[in-house]
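Overview (structure and organization)
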Amino acid sequence: MKQRGNIILVVLICLIIIPVHLSAGENIGVTTDTVKIGGLVDFTGPLSSTYQTLIEGLRIYIRHVNDQGGIHGRKIKHVAEDDRYSIPGAMSGFKKLIFRDKVLALAPGASGLGHTHAIIPLAEKNKIPLLAATNEYKYYNPVRRYVFAPLPFYEDQVKIIFKYIMEDMGDKDPKIAVAYPDVASGKVTLEASRKQAKKHGIKLVEETVIPIMVGDCFSQVIGLKRLKPEYVIVHGYVANTVSFLKDAQRGGLHCKFFVVQYGCSEETVRIAKKATKKMMGVNCFGSWHNDSPGMVKLREITLKYAPNSGSRTRNYMQGWFVALMTCLGLERTGRDLTRESFVDGLEKIRDYDTGGICGVISYGPADHKSIEEHRMYKVDVEKEVLVPLTGWRRAEE
């Protein structure tokens, strides 16, 4: 409640001090031969490694598009501001990008849920199209005209994990615990786990808070060990997932670990190695090594601009996907490009097959949630890769 109160206070202050002088019909961020897109990312905060990889994927895709002539004769210029994974950073970055740099839209918009939630009222007030780094249903139901989701929903991933445990694994009375960082995104996974446990008539064994960055998780592991869970759902990024799994190995916590989106990465496996032996997870993006048409094209383009640079993680795929969605929206908008027409263009993306980069995606006037499909993965420790356990799955209501 304290965090939510702080967000509301900061938003109210910014609504007062940020001038409102933009018209929705203005050709802001657009010239005859360029279109300027902004992005709020974490370059120096706790998720810097995630976002540096993500922004590389975004920029290489945009570079490829520009080298092909751009979109409707316009080259894309992407301007990124460091929000430091903080509300003040997101607010100041938003102000610079919108009022000084005068970008057409934000993609991505802020690096985490809490600060994305803080800038959404500003984006709506100024009618800024926002590919938002939030995946809470309440921001998409009912649809908000200027807010689009380029991310998987943690609630969907938790539903898929519960179904996999109880149906695919046949465990009708599982002992499940949740390990999560005390931030907005972690609380979404926690609440979703509580809802699924209640739905299936079970009680979570434990809810334990872990650091958002690299940190000591040994006391949490010992606490879990006493309660003997069979499964732990881990809401993590690479750094804290690695810390948790290594401490689980060291502390003798013998159970299966189901990791959601950002921790479910080959990077986690490469760093934590044998500590990932009992790790499984859910992710909405394909792997660098997949032979699907979309991933083959992604590899070819990536290695053209960054030869001999090695494989990329799924965070890279997410940056690529954000750029892809932005470009699809621009293509469908046509030459008459304004903020309002760009929103209409995004809403014209229907049943687009990404070729295995992720599942089939759609937007529409009544649907601004793009990603519906996910895969369950297991770890091949020796090859340091994630192996699909399932095909693309949608969460059931």
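Further remarks concern a positive patch on the surface. A surface patch of positive charge is lined by Lys-256, Lys-274, Lys-277 and Lys-278. Mapped onto the fold, Lys-274 is located in the loop between helix 9 (266-272) and strand 10 (279-283). Accessibility expressed as a relative area gives 62% for Lys-274, which makes it exposed.

Let us look at the sheet that holds strand 4 (residues 130-132). Ordered by their spatial adjacency, five strands build an open sheet running 2-1-3-4-5, and the pairing between neighbours is parallel. Strands at the two margins of the open sheet, each flanked by one partner only, are strand 2 (75-82) and strand 5 (147-148). Inspection of the sheet shows strand 1 (residues 34-41) paired to strand 2 by eight bridges, in the parallel sense. Residue pairing across strands places Gly-39 opposite Ala-80, the latter belonging to strand 2. Each of strand 1, strand 2 and strand 3 (105-109) touches helix 3 (residues 87-100); the most contacted strand, strand 1, lies at about 170° to it. Each of strand 1, strand 3, strand 4 and strand 5 touches helix 4 (residues 113-126); the most contacted strand, strand 4, lies at about 165° to it.

What follows concerns the pattern of salt bridges. A complete count under the given rule lists 19 salt bridges for this structure. Measuring nitrogen to oxygen at the nearest pair gives 3.0 Å for the salt bridge that ties Arg-145 to Glu-340. On the criterion of sequence distance, the pair formed by Arg-145 in the loop between strand 4 and strand 5 and Glu-340 in helix 12 (residues 339-346) is long-range, its members being 195 residues apart. Between Glu-373 and Arg-394 there is a salt bridge; the shortest N-O distance is 3.9 Å. Of this pair, Glu-373 sits in strand 11 (residues 373-380) while Arg-394 sits in strand 13 (residues 393-394), and the two are 21 residues apart along the sequence. By relative accessible area, Glu-373 is classed as buried at 16%. On the basis of relative accessible area, Arg-394 is assigned to the partly exposed category, the value being 49%. Each of Glu-81, Lys-96 and Asp-101 takes part in one network of salt bridges that share partners.

Cut-offs used in this document
- Residues numbered from 1 in each chain as written.
- Predicted model: local features only at pLDDT ≥ 70, side-chain atom pairs only at ≥ 80, totals over all residues.
- Heavy atoms only, no water.
- Patch = residues over 30% accessible without salt bridge, like charges linked within 9 Å, V, L, I, M, F, W, Y side chains within 5 Å.
- Areas by Shrake-Rupley, 256 points an atom, 1.4 Å probe, with all protein chains shown as cover.
- Salt bridge = Lys/Arg side-chain N within 4 Å of Asp/Glu carboxyl O.
- Lys, Arg positive; Asp, Glu negative; His and termini not counted.
- Charge placed at Lys NZ, Arg CZ, Asp CG, Glu CD.
- Helix = DSSP H or I, 4+ residues; strand = E, 2+ residues; numbered from the N terminus.
- Buried < 20%, exposed > 50% of the residue type's maximum accessible area, 1.4 Å probe, protein only.
- Pairing = 2+ DSSP bridges.
- Contact = heavy atoms within 4.5 Å.
- Axes fitted to C-alpha atoms, helices over the stretch in contact; angles between N-to-C directions.

It is worth stressing that arrangement in space is one thing and function is another; only the former is reported here.
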